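Chain by chain, the residues:
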Amino acid sequence: MVTRNGRGHRTCGRELKAVLNRLRRAQGRISGVIRMTEEGRDCEDVVTQLAAASRAPDRAGFTMVATGLRQCVSGIDSARTTGTDGEDPQAVRARLEKLFLFLA
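Residues numbered from 1 in each chain as written. Predicted model: local features only at pLDDT ≥ 70, side-chain atom pairs only at ≥ 80, totals over all residues. Heavy atoms only, no water.

**Regarding the overall build of the protein**
Along its length, the protein carries three helices and two strands. Mapped from its N terminus to its C terminus, the protein presents α and β elements in the order β-β-α-α-α. Here the protein, with 104 residues, has 22% of them falling under the buried criterion. For the protein, contacts bridging at least 24 residues in sequence account for 58% of all contacts bridging at least 6. As displayed, the protein offers around 7,600 Å² of accessible surface, 55% of which is attributable to carbon and sulfur atoms. (Helix = DSSP H or I, 4+ residues; strand = E, 2+ residues; numbered from the N terminus. Buried < 20%, exposed > 50% of the residue type's maximum accessible area, 1.4 Å probe, protein only. Contact = heavy atoms within 4.5 Å. Areas by Shrake-Rupley, 256 points an atom, 1.4 Å probe, with all protein chains shown as cover.)

The structure is reproduced here in structure tokens:
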């Protein structure tokens with residue numbers, strides 16, 4: 001399965017599935033943190049689970065950006081080989097840099 005985002009880049013089903021799995025795990029951990037807090041569980045246990053939950057969306061975001069970067073580089077190489085012009089490489093670089101900074 002391949003999907004296209006709003007800028008025409010493709011996300012392969014394998015990467016999309018990995019991203020969705022990470023986000024679902026984060027969702028489950030957040031639900032667990034809420035439940036643990038409501039039950040008055042030990043603060044250290046709650047914070048440990050909260051830290052784990054906060055890393056999952058970051059990793060999902062990095063996976064998405066890395067996939068876009070790989071496709072971008074592949075597209076630039078392909079355009080150089082075939083002589084076709086796609087999106088300006090500097091514009092792509094700036095957009096990807098901005099995405100990385102959002103996750104930092």
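Once you've had a look at it, read on.
**Section: a nonpolar patch on the surface**
A surface patch of nonpolar side chains, amounting to about 240 Å² of accessible area, comprises Ile-30, Ile-34 and Leu-50. As for its placement among the helices and strands, Leu-50 is situated in helix α2 (residues 43-82). (Patch = residues over 30% accessible without salt bridge, like charges linked within 9 Å, V, L, I, M, F, W, Y side chains within 5 Å. Salt bridge = Lys/Arg side-chain N within 4 Å of Asp/Glu carboxyl O.)

**With respect to the confidence of the model for the protein**
The predicted structure's coordinates, where accompanied by low pLDDT, should not be read in detail. This prediction gives the protein a mean pLDDT of 76; 69% of its residues lie at or above 70. Averaged pLDDT values over the elements of the protein bottom out at 46 in strand β1 (residues 2-4) and peak at 90 in helix α1 (residues 13-38). Per-residue pLDDT stays below 50 along residues 1-5; that stretch engages in twelve contacts with residues further than four places along the chain or on separate chains. (pLDDT = per-residue confidence, 0-100.)

**With respect to the environment of Gln-27**
Take Gln-27: it is sitting in helix α1. Sequence-wise, Gln-27 and Ser-54 are 27 residues apart; in three dimensions their C-alpha atoms are separated by 9.9 Å.

**A short note on α1**
Its 26 residues give α1 an end-to-end C-alpha distance of 37 Å, which sits within 8% of 38 Å, the value for a rise of 1.5 Å per residue. Phi turns positive one or two residues past the end of α1, at Gly-40, with a value near 75 degrees. (Expected span 1.5 Å × (residues − 1).)

**Describing a positive patch on the surface**
A cluster of basic residues, Arg-25, Arg-29, Arg-55 and Arg-59, forms a positive patch at the surface. Those elements that place two or more of their residues in the positive patch are α1 and α2. Among the structural elements, Arg-55 can be located in helix α2. The exposure class of Arg-55 is partly exposed, given its relative accessible area of 44%. (Lys, Arg positive; Asp, Glu negative; His and termini not counted. Charge placed at Lys NZ, Arg CZ, Asp CG, Glu CD.)

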